[in-house]
Each structure stands twice: as structure tokens, then as C-alpha cells.
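# Structural features, examined
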Amino acid sequence: MKKLLIMIDIAENLLANTTSEDEKYFLMGTLGNLYRFYGEPQKAVNILTECVTIASNQNDSHREIVSLIRLGEAIKYNDNPMKALEIFNEVLDKCKANDNLFYVDFAMQHKGECLLELGRMAEAEKCLKEALELRELKGDVSLIESTQQALNFIKNWNAKYFTEKP
């Protein structure tokens, strides 16, 4: 955790000393993720909300989508999976509206994980299966494995809770 704090401090100092909007966007996205990893999701939410604003002001749908996915994760870790679900649905809408299908699998994965946390297993499984299909088309093994792990969790959960006798 000490190394994480050092990285946060470095990124904060770099952010304080830059005037470039591109550098600010990059550093704020990095800080948002670092704060989430460090267990300070509200700080992550605040910073990532600013990232969304920067991307929106730049009219950069790619950056806006990425920032919204990061923001949704931070909001989920800030104990608000329902709000995170809204964000992931917004991402899906933006992907379709901007014909940016590259991030649909990420949005579906994170949406599925939110649904999983909410106990909405059938919906979660549907989202994750769609994410898996898209990831298989991409051929990215690490993404495929991540989605498969979530699906395996649902499969094991279903096996446990639908086959046990009281």
C-alpha cells in the first residue's frame, strides 16, 4: 500500500504542475483508478467525474466512454451499484450513438458484475455472455478469461443454490 501512496503522490504533484488538458485528463484518469485501488472510492468518483467533464467539453466520445466506465467502477466501489448500473447503461447508449463498438464488451462486463452484486443472476449472466461473445471476437485472452471467471461464479452459485435441499 505504501507504493500505491507514493504513486498517488507523484501523480498529484504532476497534475498540480501541468497546464496541458491532455496531461490533466491522463493524470486524473490514473489518479481515479489509483484512489479506487487504494480504497478511497469517493476521491476516485470526484476525480473521474472531472475526467468525464473534460472529455465531454473536448467532444471526445472515446475519452468520455472510457471515463464513464472508470467512473461507473468507482461508483460501484463507493457502494452504489444501482448508480453504477445507470452509468454502464449510459456507456452502452453512447457506444451505439457514436458507432463506437470497441468498448461495448467492457460496458457489458461491468454491467454484468453490477447485476451480479445486486443478486440479479439471470440478467448478469446474459450481460456476461454477450461480453464473452464480443471478447472472443476480439481474441484477447485475458479479457476472455476475466469474463469466463464471472460466468463460472454464476454457474457455481446456481449449482449450489438450485440443487441444495433444505
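Residues numbered from 1 in each chain as written. Predicted model: local features only at pLDDT ≥ 70, side-chain atom pairs only at ≥ 80, totals over all residues. Heavy atoms only, no water.

### Considering the overall build of the protein
Rule in force here: For the purposes of this entry, the term helix denotes a DSSP run of H or I that reaches at least four residues, the term strand denotes a run of E that reaches at least two, and both are numbered from the N terminus. For each residue, the accessible area found with a 1.4 Å probe, counting protein chains only, is set against the maximum for its type, and the residue is called buried under 20%, exposed over 50%, and partly exposed in between. Note on contacts: a residue pair is in contact if any heavy atoms of the two residues lie within 4.5 Å. Areas reported here follow the Shrake-Rupley algorithm with a probe of radius 1.4 Å; residue values treat only the protein chains shown as occluding. Only four residue types enter the charge count, namely Lys and Arg as positive and Asp and Glu as negative; His and the chain termini do not. Charge coordinates come from a single atom per side chain, which is NZ of Lys, CZ of Arg, CG of Asp or CD of Glu.
From N to C terminus, the protein includes eight helices and zero strands. Reading the protein from its N end, one meets helices and strands in the order α-α-α-α-α-α-α-α. On the principal axes, the C-alpha backbone points of the protein span a range of 60 × 40 × 30 Å. Counting across all 166 residues of the protein, residues that qualify as buried make up 42%. Taking as baseline every contact in the protein between residues at least 6 positions apart, the subset at least 24 positions apart corresponds to 50%. Within the structure as shown, the protein displays about 9,700 Å² of accessible surface, and the carbon and sulfur contribution to it stands at 53%. Measuring between centres, the 20 positive side-chain charges of the protein sit 5 Å from its 26 negative side-chain charges.

### Things to note about the packing of aromatic side chains
The condition is simple: Stacked, tilted and edge-to-face are the three classes applied to pairs of Phe, Tyr and Trp rings, where Trp contributes its six-membered ring and a pair requires centres within 6.5 Å; stacked means planes under 30 degrees apart, edge-to-face means over 60, and tilted covers the rest. In this scheme, Lys NZ or Arg CZ marks a charge over a ring once it lies within 6 Å of the ring centre and within 35 degrees of the ring normal.
Under the criterion given, the structure shown has two aromatic pairs. Here Phe 102 and Tyr 103 contribute two aromatic rings whose centre-to-centre distance is 5.0 Å and whose plane-to-plane angle is 85 degrees, an arrangement assigned as edge-to-face. Given the relative accessible area of 12%, Tyr 103 is considered buried. Here the aromatic residues Phe 102, Tyr 103 and Phe 106 are joined through ring pairs into a cluster of three or more. For the cation-ring pair, Arg 135 lies above Phe 106, with the distance from its terminal atom to the ring centre recorded as 5.0 Å. Residue placement shows Lys 138 over the ring face of Phe 102; its charged tip is 4.0 Å from the ring centre.

### Description of the nonpolar core
Formally: We call a set of buried residues a nonpolar core when its members are Ala, Val, Leu, Ile, Met, Phe, Trp, Tyr or Cys and they connect through side-chain atoms within 4.5 Å of each other.
Among the nonpolar cores identified, the biggest contains 48 residues, and Leu 31, Leu 71 and Val 91 are the most heavily contacted of them. Among the secondary structure elements, those contributing two or more residues to this core are α1 (2-16), α2 (21-38), α3 (41-57), α4 (61-77), α5 (81-97), α6 (104-117), α7 (121-138) and α8 (141-163). Per element, the largest residue contribution to this core is eight residues, and it comes from α3. Val 91 has contacts with Ile 65, Leu 68, Ile 69 and Ala 107, leaving out every residue within four places of it along the chain.

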